[in-house]
Number of protein chains: 2
Amino acid sequence: MPLGRVEQRREGVREEIKQAARRLMAEHGTAGLSLRAIAREINMQPSGLYHYYGSLDELITALIVEAFNALADALEAARETAAGQSSAAQLIAVLQAYRRWAMTHPTDFQLIYGNPIPGYAAPREITVPPVIRGFSVIVGLIENLLQSGALEAVPPYDHMPPEIEARLQELIERDGYPVSARALFLGAVGWTQLHGIIMLEMFNHLQPVVGDADVFYRAQVINLLKTMGLKTAV
Amino acid sequence: MPLGRVEQRREGVREEIKQAARRLMAEHGTAGLSLRAIAREINMQPSGLYHYYGSLDELITALIVEAFNALADALEAARETAAGQSSAAQLIAVLQAYRRWAMTHPTDFQLIYGNPIPGYAAPREITVPPVIRGFSVIVGLIENLLQSGALEAVPPYDHMPPEIEARLQELIERDGYPVSARALFLGAVGWTQLHGIIMLEMFNHLQPVVGDADVFYRAQVINLLKTMGLKTAV
DNA sequence: CTATAATGTGAACAGTGTTCAAATTATAGA
DNA sequence: TCTATAATTTGAACACTGTTCACATTATAG
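Here is a short report on the structure shown in this document. Predicted, not measured: the structure shown is a model, and the values here were computed from it. For every chain, the first residue of the written sequence is number 1, and numbering continues from 1 onward in sequence order. Chain labels run from A onward and ligand labels from 1 onward, assigned in the order the entries are written. Selection of residues for local features in this predicted model requires a pLDDT of at least 70, selection of side-chain atom pairs for listing and counting requires 80 or more, and totals for whole chains, interfaces and linings are taken over all residues. Side-chain measures here rest on the full set of heavy atoms in the structure, leaving out hydrogens and waters.

## Notes on the relation of the copies chain A and chain B
Each copy of the chain is related to the other by a rotation around an axis and a translation along that axis. Once turned by 180° and shifted 0.0 Å along the axis, chain A lies on chain B with an RMSD of 0.0 Å. Taken together, the turn and the small shift mark the pair as related by a two-fold rotation axis. Residue G196 of chain A, judged by its C-alpha, is the member of chain A lying nearest the rotation axis, at 1.7 Å. Of the interface residues in chain A, 100% have counterparts in chain B that sit at the interface too, so the contact is made through matching surfaces. Only residues with pLDDT of at least 70 in both copies contribute their C-alpha atoms to the least-squares superposition of the copies. We call two residues contacting when some pair of their heavy atoms lies within 4.5 Å.

## Digging into the protein's contact with DNA strand C
Whether a residue is near a molecule or strand is decided by its heavy atoms; if any one of them lies within 4 Å of it, the residue is near. S47 and Y52 of chain A together with L35, R36 and Y50 of chain B are the nearest of the 19 residues found near DNA strand C. When the atoms of DNA strand C within 4 Å of the protein are grouped by moiety, sugar and phosphate amount to 49% of the total. Contact distances for DNA strand C include 3.1 Å between a base nitrogen and a side-chain N or O atom of H51 of chain A. Counting of polar contacts relies on pairs of N or O atoms within 3.5 Å, with two restrictions inside protein: one atom must be capable of donating a hydrogen and the other of accepting it, and residues adjacent in sequence are counted only when both atoms are side-chain atoms. A distance of 3.0 Å separates a phosphate oxygen of DNA strand C from a polar atom in the side chain of S34 of chain B. Secondary structure elements follow DSSP: runs of H or I no shorter than four residues count as helices, runs of E no shorter than two count as strands, and numbering proceeds from the N terminus. Every element with two or more residues in the surface near DNA strand C is listed here: helix 1 (5-28) of chain A together with helix 2 (35-41) of chain B. Take the surface near DNA strand C: its biggest share by element is three residues, from helix 2 of chain B. Polar here means any residue other than Ala, Val, Leu, Ile, Met, Phe, Trp, Tyr, Cys and Pro, which are nonpolar, and Asp, Glu, Lys and Arg, which are charged; Gly is therefore polar. Of the residues in the surface near DNA strand C, the class split is seven nonpolar, seven polar and five charged.

## Re the pattern of salt bridges
All names here are of chain B. Basic side-chain nitrogens of Lys or Arg form a salt bridge, by our definition, when they fall within 4 Å of a carboxyl oxygen of Asp or Glu. Applying the stated criterion across every chain, the model contains 28 salt bridges over all chains. Of the charged contacts in the structure, one is a salt bridge between K18 and E66, with a shortest N-O distance of 2.6 Å. With K18 in helix 1 (residues 5-28) and E66 in helix 3 (residues 56-81), the pair connects residues that are 48 residues apart, well separated along the chain. Buried, partly exposed and exposed residues are distinguished by accessible area as a fraction of the type maximum, computed with a 1.4 Å probe on protein chains only: under 20%, between the cut-offs, and over 50%, respectively. Classification of K18 by relative accessible area gives buried; the value is 9%. Here K231 and E152 are joined by a salt bridge, their closest N and O atoms 3.9 Å apart. One end of the pair, K231, is in the segment after helix 10 (213-228); the other, E152, is in the loop between helix 6 (124-148) and helix 7 (162-175), and 79 residues separate them in sequence. Given a relative accessible area of 58%, K231 falls into the exposed group.

Okay, structure coming up:
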């Protein structure tokens, strides 16, 4: 059903608020996210915002959901751009896009994966679905590689802990993911490995050690696929 | 040179302030770190604290340095406890201790590796040394494994990017680390991999996927060592 | 044209970090 | 022990923060 005039206008103001919030964050970091600053930005009294968001936390949650989806969009776009190439090349492109998005949208990434706002904890039931969406892009490509035989079972990733496998099977059945437990497992392994690099790079802990974080990341993406059993030279 | 009475007393108050800060953080998270709350806790006017720390940021920096050293202590303690066992067993114990410390000291860990305080960015020249200290424990054990031949060169970790190797060599010569570039590289690889798991677990992003994060972490520690070329069954 | 709902205002409250002059306390020297 | 000096502590003030509330304004629908 289409939105009426009032809902449309309301949605427009909500959008204006979010855009002002993103502008402030981009300029002053996640610290710049202040309800009063947003109100100033759009020439409104702070109290007026409460007609659109019940609290600052609610606004932050909205920003987080949008950021998650933007990240998922970036991953999907990377896959599409490399659509003509092999699944392995697509996966590499997607994993590169993951880091690239994080580095070009540091405040959004911190909003998502850090705990940048004091006293705020994102509600899981809201954040988990968009997490899964981005994760699915990676897992889907891994599933392709498994089915095409490009990714063969080699130690140590030819096995996974029984508890984890049971859990993943449960997840697949409950939410109807069109992938195998093995693909999910390898996805989780890759996701956590690369996430660590990005997190450490973002807060400047990695550079003092390895110097060029970009080179390190690229190398680890390749090493990751090799250890998982990717045969074709990349 | 021993501290005079006045310096001793001064240091005592500084310690009292830090302890109050830690107490508040443990109770209310990193958000609870408020200068005024600390002042209330120790029955002092907020302005009085400025005689001991130039600002809240300075206090936070002191807490971060202590946390880094506490983490390094925990890693060293884990190595000592496993001193009788093989270097591989010691390394596993240390890597387990890394996660254990993070989970038992979540606020300290977030203080270190997150960006939990709005507008605050830890000065690198102060934070890097204690980072290196903890890192050295891991790298030292890897060096032992390399020298004893327990860790043999297998693909893909028998090579590292030339840029990274050059940088690590430079680091070794400048700071006089008694380890090889290869040990440093493998250390960085392991560190980033496991750090990602811990970060995602800490903010509850991993559990919805793999369920039991403890089992996942243990498995990944083993897989890490295996992919790096550890021969002995663990 | 009017009743009603939505929207925006402005003041207030309790909290935050920080600065500053003044008052207090403790130390060191004669 | 008394005093001059330094260290410490106080309390008020300033500019912020999120949030609530009664009130005024505006727009919508009947």
